[in-house]
Amino acid sequence: MGNRFEISVVGDDAEWANSRIDLAVAEISRIEKLLTTFSDDSQTNQINAAAGIMPIKVDFEVYQLIERSLKISELTQGAFDITYGSIDKSLWNFDVNMKALPDAETALQSVGLINYRNVILDPANVTVFLKEKGMRIGFGGIGKGYAADRAKVILQQNGVVSGIVNAAGDLITWGTQPNGHPWTIAIADPDKQMTPFSTLNISNMAIATSGNYEKYAVINGKKYSHTIDPKTGLPVSGIKSVSIICPSAEFADAMATPVTVMGIRVGLDLVNQLQQLACVIIDDDNRLYTSRNINVKN
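Residues numbered from 1 in each chain as written. Predicted model: local features only at pLDDT ≥ 70, side-chain atom pairs only at ≥ 80, totals over all residues. Heavy atoms only, no water.

Peer 1: Any chance you could break down the side chain of Thr-260 for me, citing the residues and the numbers?
Peer 2: Within the secondary structure, Thr-260 sits in helix 6 (residues 249-262). In terms of polar contacts, Thr-260 uses its side chain to reach the backbone carbonyl oxygen of Ala-256, at 3.0 Å. Leaving out residues up to four positions away in the same chain, Thr-260 has contacts with Ser-210, Val-236, Ile-239 and Val-242. (Helix = DSSP H or I, 4+ residues; strand = E, 2+ residues; numbered from the N terminus. Polar contact = N/O pair within 3.5 Å; in protein donor to acceptor, adjacent residues only side chain to side chain. Contact = heavy atoms within 4.5 Å.)

Dropping the structure here:
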């Protein structure tokens with residue numbers, strides 16, 4: 001998935017623990033084969049190749065993931081959208097050489113094919129159809145969270161009572177540390193990635209973070225995130241990082257980016273309306289914002 005997964009299992013027998021980790025790795029690899037866009041025969045690429053031509057029959061698992069993705073698109077009013085794969089990447093090069101934003105009209109044209117409403121699902125035949133030629137779906141905003149959730153299920157089914165699956169910083173935890181204490185995670189300081197900005201206990205919860213501190217551009221003194229607003233085609237600004245905490249790594253993964261796109265006030269308002277969901281936002285001035293009912297230790 002282009003991401004590093006780290007799996008930690010609590011147990012008394014190293015051989016037993018390693019055999020369980022192998023099962024989780026096999027599950028992550030299986031999901032990658034289904035969802036990757038780097039293999040012509042993946043179901044994702046079969047759907048994309050048939051865009052505007054015909055529906056493609058998929059595994060029920062893939063169908064359900066797309067169905068859940070579209071519901072998140074509805075929930076976030078399009079700020080999350082798996083049809084982002086059709087964006088014109090030639091406009092964007094988030095590095096030191098990027099000196100100017102494209103004009104608003106060009107940017108808008110670049111996202112012209114992004115529209116989750118043009119993903120047509122047929123539950124009777126378990127097919128997926130992209131209405132417009134050139135449309136492309138991708139699971140970059142939800143796939144690694146889904147894989148982390150599935151790895152956890154496999155580990156629990158095979159007797160692992162405590163552990164962590166860390167999918168490149170999007171992680172899910174269950175049980176306790178070997179000393180019986182809850183799992184504690186640190187939210188990285190956006191300006192010093194190896195330094196914790198704050199910590200919180202998240203046993204039996206997942207957390208995912210979307211931040212502008214790894215890929216961004218500074219134009220006329222203003223920092224722009226690599227996160228593109230699918231409605232305008234322009235990068236978002238004002239937020240350094242968003243961390244979402246909830247029971248599902250998939251949902252945490254999927255919600256981190258749209259809250260960044262929606263902005264602090266609208267994003268927090270949405271999070272506060274949803275049960276079992278919490279959020280920590282750090283803005284460009286290092287101010288900390290949290291949703292209700294969250295206890296962050298600085």
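Picking up after the structure, the text goes on.
Peer 1: So, the pairing of strand 13 (residues 278-283): which residues are in play, and what are the values?
Peer 2: The buried fraction of strand 13 amounts to 6 of the 6 residues, a majority that puts the element mostly inside the structure. Neither face of strand 13 is open: one carries Ala-278, Val-280 and Ile-282, the other Cys-279, Ile-281 and Asp-283, and all of them are buried. One ladder, built from 6 bridges, connects strand 12 (residues 239-246) with strand 13; its direction is antiparallel. The residue bridging Ser-241 from the neighbouring strand is Ile-282, located in strand 13. In this sheet, strand 14 (residues 288-290) lies alongside strand 13 in antiparallel orientation, the contact comprising 3 bridges. Bridging across to strand 14, Val-280 finds its partner in Thr-290. As consecutive antiparallel partners, strand 13 and strand 14 are separated by 4 residues, and within that stretch Asn-286 has a phi angle of approximately 65°, a positive value. (Buried < 20%, exposed > 50% of the residue type's maximum accessible area, 1.4 Å probe, protein only. Pairing = 2+ DSSP bridges.)

Peer 1: Could you give an account of the sheet that holds strand 2 (residues 56-57), with specific residues and numbers?
Peer 2: The sheet built from 3 strands is open, its strands ordered 2-4-3 with antiparallel pairing. In this open sheet, the two edge strands, each paired with only one partner strand, are strand 2 and strand 3 (119-122). Bridging between strand 3 and strand 4 (residues 127-130) involves 4 bridges; their strand directions are antiparallel. Each bridged residue has a counterpart across the sheet, and for Ile-120 the counterpart in strand 4 is Phe-129. Where helix 3 (residues 60-75) meets the sheet, it contacts strand 3 and strand 4, and its direction lies at approximately 130° from that of strand 3. (Axes fitted to C-alpha atoms, helices over the stretch in contact; angles between N-to-C directions.)

Peer 1: Can you tell me about the pattern of salt bridges, naming the residues and giving the values?
Peer 2: Taken as a whole, this structure holds 8 salt bridges when the rule is applied. Glu-27 is the partner of Arg-150 in a salt bridge, and the nearest nitrogen-oxygen pair spans 2.8 Å. In this pair, Arg-150 sits in helix 5 (residues 143-157) while Glu-27 sits in helix 1 (residues 14-35), placing the two residues 123 residues apart along the sequence. Given the relative accessible area of 25%, Arg-150 is considered partly exposed. (Salt bridge = Lys/Arg side-chain N within 4 Å of Asp/Glu carboxyl O.)

Peer 1: If you had to explain the sheet that holds strand 9 (residues 206-211) to someone new, which residues and values would you point to?
Peer 2: With respect to topology, 7 strands assemble into an open sheet ordered 1-5-6-9-12-13-14, the strand pairing being antiparallel. Only two strands of the sheet have a single partner each, and these edge strands are strand 1 (5-9) and strand 14. Mean inter-strand twist for the sheet, computed between neighbouring axes without regard to direction, equals 10°. Direction of pairing for strand 5 (residues 163-167) relative to strand 6 (residues 170-174): antiparallel, over a ladder of 5 bridges. Residue pairing across strands places Asn-166 opposite Leu-171, the latter belonging to strand 6.

Peer 1: Tell me about the packing of helix 1 against helix 3, and name the residues and values.
Peer 2: One can describe the packing of helix 1 onto helix 3 by two numbers: an axis separation of 11 Å at closest approach and a directional angle of 75°. Here helix 1 is positioned roughly perpendicular relative to helix 3, judged by the angle of their axes. The segment helix 1 lies against helix 3, with Arg-30, Ile-31, Leu-34 and Leu-35 engaging Glu-61, Val-62 and Leu-65. In the contact of helix 1 with helix 3, the residues fall into 5 nonpolar, no polar and 2 charged. (Parallel < 35°, antiparallel > 145°, perpendicular 65-115°, else oblique. Nonpolar A, V, L, I, M, F, W, Y, C, P; charged D, E, K, R; others polar.)

Peer 1: Break down the nonpolar core for me, with residues and values.
Peer 2: Judged by nonpolar contacts, the single largest core of 64 residues is most densely connected at Ile-66, Val-165 and Ile-244. Considering each element in turn, this core owes the most residues, 8 residues, to helix 6. Among residues more than four places away in sequence, those in contact with Ile-244 are Ala-206, Ile-207, Ala-208, Ala-252, Met-255, Ala-256, Val-259, Val-271, Leu-277, Ala-278 and Cys-279. One finds Leu-171, Ile-187, Ile-202 and Ile-207 within the second-largest nonpolar core, a separate group that totals 13 residues. (Core = buried A, V, L, I, M, F, W, Y, C linked by side-chain atoms within 4.5 Å.)

Peer 1: Describe helix 5, with residues and values.
Peer 2: Under the 1.5 Å per step criterion, the end-to-end length of helix 5 is 21 Å for 15 residues, consistent within 8% with the ideal 21 Å. Where helix 5 terminates, the next one or two residues include Gly-159, which has phi positive at roughly 90°. (Expected span 1.5 Å × (residues − 1).)

Peer 1: I'd like a description of the side chain of Thr-76, backed by residues and values.
Peer 2: Following the sequence through the fold, Thr-76 ends up in the loop between helix 3 and helix 4 (104-110). The residues contacting Thr-76, other than those within four sequence positions of it, are Met-255, Pro-258, Met-262 and Leu-270.

Peer 1: Break down helix 3 for me, citing the residues and quoting the values.
Peer 2: The terminal C-alpha atoms of helix 3, which comprises 16 residues, lie 22 Å apart, in line with the 22 Å expected from a rise of 1.5 Å per residue. Those residues of helix 3 that fall on the buried side of the exposure criterion are Glu-61, Val-62, Tyr-63, Leu-65, Ile-66, Ser-69, Leu-70, Ile-72 and Ser-73. On its buried side, helix 3 packs onto helix 1, helix 2 (43-49), strand 3, strand 4, helix 5 and helix 6.

These results come straight from atomic positions and should not be treated as a statement about function.
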